[in-house]
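Structural description and commentary
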Amino acid sequence: MSTGVRVMVVDDHPMWREGVARDLTEAGHLVVATSGEGRQAVRVAAAVRPDVVVLDLQLPDVSGVEVIRGLRAVLPEVRVLMLSASGEPQSVLDAVKAGATGYLLKSAAPAEFLDAVRRTAAGEPVFTPGLAGLVLGEYRRLAAAPHDPAPRLTERETEVLRLVAKGLSYKQIAERLGLSHRTVQNHVQNTLGKLQLHNRVELTRYAIERGLDA
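The rules behind each value
Starting afresh in each chain, residues are numbered from 1 along the sequence in its written order. Where local features are concerned, this predicted model is filtered to residues with pLDDT of at least 70; where side-chain atom pairs are given and counted, the filter is 80 or more; whole-chain, interface and lining totals use all residues. Calculated side-chain values reflect all of the structure's heavy atoms, with hydrogen atoms and water omitted. The rule for a salt bridge is simple: a side-chain nitrogen of Lys or Arg has to be within 4 Å of a carboxyl oxygen of Asp or Glu. Helix and strand definitions follow DSSP, with helices as H or I runs of at least four residues and strands as E runs of at least two, each counted in order from the N terminus. Only protein chains enter the area calculation, which uses a 1.4 Å probe; residues under 20% of their type maximum are buried, those over 50% are exposed, and those in between are partly exposed. The arc refers to the directions leading from the helix axis to the C-beta atoms. We call two residues in contact whenever any of their non-hydrogen atoms come within 4.5 Å of each other. When DSSP finds two or more bridges between a pair of strands, those strands are recorded as paired. Axis lines are fitted to C-alpha atoms, over the contacting stretch for helices. Their N-to-C directions set the angle, which ranges from 0 to 180 degrees.

**Brief notes about the pattern of salt bridges**
A complete count under the given rule lists nine salt bridges for this structure. Here Asp61 makes a salt bridge to Arg39, at a shortest N to O gap of 3.9 Å. Taken together, the positions of Asp61 in the loop between strand 3 (52–55) and helix 3 (64–74) and Arg39 in helix 2 (residues 38–48) put the pair 22 residues apart, joining distant regions of the chain. Sharing partners across several salt bridges, the network here consists of Asp115, Arg118, Arg119 and Glu124.

Right, dumping it as structure tokens:
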């Protein structure tokens, strides 16, 4: 392995958490933090900035889905690999819709898990066999469903969205448009709400699909 992935492990079972961290370290990855609670995980992740967060679905304080949303809010580019004992279809779909890159069952072999971490870091969607078909089927169903007319964005919101799609940071957008950083954030939050999207990654995908990155 050339360069290891910066990984954070979030699981409320200490022995499992330590075992996963040990496997990652032995495989050449850098475990930057571990946590047993969701809210703490979001705070720590903001400080240590992992490439990948290996996250359990069931945590004592908040759900894994809420943690995903929190992580994506503070680190929009972070990749989240769910590692859960639950293969319930709704759990999988909720995690993916919240922004998880992949979903692996805890019954996966160590080699399969380590491969999943590497692929997740590269941005590949990784799923335990059987779950990939479930997710794909759901997206096909949504694509086939009749859509409401696209929500109307203001000229300024569209302008900000176009710059987000081009990959500019909030600071760069603020400088480009002569706005404050807070105003840009507000425009992005309003746009996310109107479009019913959860994070900047989804917002960028939406804009690119509509050619706003040109």
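Read on for the rest.
**Overview of helix 8 (residues 170–177)**
Since the α-helix advances by 3.6 residues per turn, residues separated by three or four positions end up pointing in the same direction. The complete set of buried residues in helix 8 reads Tyr170, Ile173, Ala174 and Leu177. Angular distribution of buried residues about the axis of helix 8 spans 100°; they occupy a single face of the element. Residues Lys171, Glu175 and Arg176 are exposed on helix 8 and point more than 90 degrees away from its buried face. Looking at the buried side of helix 8, the elements it contacts are helix 7 (155–165), helix 9 (181–195) and helix 10 (200–209). Looking one or two places after helix 8, you find Gly178, whose phi comes out positive at around 70°.

**Let's talk about the environment of Leu195**
Looking at the element boundaries, Leu195 is found in helix 9. For the pair Leu195 and Tyr206, spaced eleven residues apart in sequence, the C-alpha separation works out to 8.9 Å.

**Comments concerning the sheet that holds strand 5 (residues 102–105)**
Pairing is parallel in the open sheet, where five strands are placed in the order 2-1-3-4-5. A strand with exactly one partner marks an edge of an open sheet, and here the two such strands are strand 2 (30–35) and strand 5. Averaged over all pairs of adjacent strands, the angle between strand axes in this sheet comes to 20°, irrespective of strand direction. Looking at chain direction, strand 1 (residues 6–10) and strand 2 are connected through five bridges and run parallel. Bridged to Val7 within strand 2 is Val31. Contacts between helix 3 and the sheet are confined to strand 3 and strand 4 (79–84), with strand 3 contributing the most and set at about 165° to the helix.

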